[in-house]
Amino acid sequence: MSARTSTPHHELTLAIETSCDETAVAIVRGTSKQELLANLVYSQADIHAEFGGVIPEVASRNHLRKLPLLVRQALRQTGISEDEIDLVAATYGPGLVGPLLVGLSYAKGFAYGADAAFIGVNHLEGHLFAHRLAYPEVSPPFMGLIVSGGHTLLVRVDAYGRYTTVGTTVDDAAGEALDKVGKKLGIPYPAGAELDRRAQIGNRAAVDFPRPMARVGFDFSFSGLKTSVMTYLRKEPHFGLDDIAASFVASVVDVLAGKAVEATRRHHLKDLVVVGGVAASVTLRARLEEESARRGIRVWVPPLAFCTDNAAMIAAAAVFRYYELGQSHDLSLAPEPNLAFDNPSNNTADPS
Ligand code: KG4
Ligand code: ZN
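A. Here's a closer look at the site of ligand 1. Taken together, 19 residues sit near ligand 1, with G149, D179, G192, G277 and D309 positioned nearest. Within the side chain of H127, a nitrogen or oxygen atom sits 3.1 Å from an oxygen atom of ligand 1. With respect to ligand 1, the backbone of G150 contributes an N or O atom lying 3.5 Å from an oxygen atom. Relative to its unbound accessible area of 550 Å², ligand 1 is 87% covered by the protein chains. The set of elements that each furnish at least two residues to the shell around ligand 1 consists of α4 (123–134), α5 (174–184) and α6 (192–199). Class assignment for the residues of the shell around ligand 1 results in five nonpolar, eleven polar and three charged. Composition of the shell around ligand 1 by domain shows at least three residues from each of domain 1 (2–128 + 307–328) and domain 2 (140–301).

B. Up close: the nonpolar core. Grouped together as the largest cluster of nonpolar side chains are 45 residues, with contacts concentrated most on L145, L195, F248, L256, L272, V274 and L284. Those elements giving two or more residues to this core turn out to be β6 (142–147), α5, α6, α7 (223–235), α8 (241–266), β9 (271–275) and α9 (282–295). Top contributing element to this core by residue count: α8, with 13 residues. When neighbours within four sequence positions are excluded, V274 is seen to be in contact with L145, V147, A279, L284, L288, V299, W300, V301 and P302.

C. Main features of the pattern of salt bridges. What the rule picks out here adds up to 22 salt bridges. Between D254 and R287 there is a salt bridge, with the nearest N and O atoms lying 2.5 Å from each other. Of this pair, D254 sits in helix α8 while R287 sits in helix α9; the two residues are 33 residues apart in sequence, bridging distant segments of the chain. No difference in accessibility class separates D254 from R287, as the two residues are buried. Counted as one network, the salt bridges with shared partners bring together R204, R211, D254, E262, R265, R266, R287, E290, E291, R294 and R295.

D. Expanded view of the side chain of K259. Mapped onto the secondary structure, K259 falls in helix α8. Within polar-contact distance, the side chain of K259 engages the backbone oxygen of M213 at 2.5 Å.

E. Region of the structure containing the coordination of the zinc ion (ligand 2). Here the zinc ion (ligand 2) is held by the protein donor atoms H123 (NE2), H127 (NE2) and D309 (OD), which lie 2.0 to 2.1 Å from it. Sequence spacing of the donor residues for the zinc ion (ligand 2), all on one chain, is H-x3-H-x181-D. Of the two residues, H123 is situated in helix α4 and D309 in the loop between α10 (304–307) and α11 (312–324); the sequence distance between them amounts to 186 residues. A residue is classified by how much of its surface remains accessible, and H123, at 7% relative accessible area, is buried. Overall, the relative accessible area of 14% leaves D309 in the buried class.

F. View of the domain arrangement of the chain. When its domains are assigned, the chain resolves into domain 1 (2–128 + 307–328) and domain 2 (140–301). Centre-to-centre separation of domain 1 and domain 2, based on C-alpha positions: 28 Å. Between domain 1 and domain 2, roughly 1,400 Å² of surface is buried when both sides are summed, and carbon and sulfur atoms account for 74% of that area. Its largest share of buried area at the contact with domain 2, domain 1 owes to L124, L128 and C307, together 45% of the area lost on that side. In this assembly, domain 1 and domain 2 are joined by zero salt bridges. Run the count over domain 1 and domain 2 and you get three residue pairs in polar contact (both at pLDDT 80 or more). Of all the secondary structure elements, the ones that give two or more residues to the side of domain 1 that touches domain 2 are α1 (45–49), α4 and α11. A total of four residues in the side of domain 1 that touches domain 2 trace back to one element, the largest contributor, which is α4. Of the residues assigned to the side of domain 1 that touches domain 2, the class counts are eight nonpolar, five polar and three charged.

Conventions we followed
Residues numbered from 1 in each chain as written. Chains lettered and ligands numbered in written order. Predicted model: local features only at pLDDT ≥ 70, side-chain atom pairs only at ≥ 80, totals over all residues. Heavy atoms only, no water. Near = heavy atom within 4 Å. Polar contact = N/O pair within 3.5 Å; in protein donor to acceptor, adjacent residues only side chain to side chain. Areas by Shrake-Rupley, 256 points an atom, 1.4 Å probe, with all protein chains shown as cover. Helix = DSSP H or I, 4+ residues; strand = E, 2+ residues; numbered from the N terminus. Nonpolar A, V, L, I, M, F, W, Y, C, P; charged D, E, K, R; others polar. Domains from an automatic or database assignment. Core = buried A, V, L, I, M, F, W, Y, C linked by side-chain atoms within 4.5 Å. Buried < 20%, exposed > 50% of the residue type's maximum accessible area, 1.4 Å probe, protein only. Contact = heavy atoms within 4.5 Å. Salt bridge = Lys/Arg side-chain N within 4 Å of Asp/Glu carboxyl O. Donors = N, O, S within 2.8 Å, 3.2 Å for Na, K, Ca; no water. Buried area = accessible area lost by both parts, 1.4 Å probe.

Written out as structure tokens, the structure is:
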């Protein structure tokens, strides 16, 4: 715990997120109730679009260039000085090792210099905490669907910090499938948002793509669907882009919404929380609303800015771990590119 003498509820947390291609910095004040004072995101998407996907080395260099500027900007705009920060948090996995190393090293240096406490955050737990930022009134138990560029996870949340994986992808993540198919369709990386925009214009019934594993358990598979779209595109070179987008996105969201709602029901839960970059999809949100209303389940999806990668969610998870569970890390913490969601160190909350 930091030695400084902050008044209760005024503790300041600086959070850093650099696991992929967004450089993000946030400052929050408070412990059990938090006030978001700064939330800055610099997306490198345009830089990587040129290469058709994220180039780790290029991402690392741009984090290195941009991160100190964003931290300075966050401090300046909030009028907070470095030594007022009580807790410094950074994502330590899962993600790309180089980008993780940049954020983690910077955070450690900052914590050391400011004599603040330090904690590493699991990026996936961060995504889940986006929901707590947006809807603090919804508390566990609930079912969580984390859908991002790298992960598709259904998790039962019995308490914050107590997670059980109910389903995961056996091949591609949902966002990854969207980005890969988008690339084939000539849409720049990352293609999810543009495919979703086109899906709202096109005819979802134009092509009847498969709903992979729709009726088989709670695991997901998107690789076969991706191949079906590629095969279709080869056979029908004069396809209508909006119709293909609508039919493909319909298949992805039908599977995601169908399984998530069914898992919630099967686990006798009333609330379903959906987070991660793909949760920004208007089509997915609409499908979830339909499916959940039919099954008497409440669905919660945070505002767009909290769905895609950001540091406010990292701050929220850090504040929980540090102030509610009393956890922190020492400065030897290393990046863990393959950090799992429900690994023992992430599953440490007292069941009571
Ligand atoms: O959570 P996120 O920002 O980064 C990771 O942790 O991966 O998720 C990025 C993914 C990308 O695959 C991107 O195409 C997708 O989220 N995405 C969307 C939308 N916005 C971002 N997918 C569908 N509709 C959107 N509006
Ligand atoms: Zn993410």
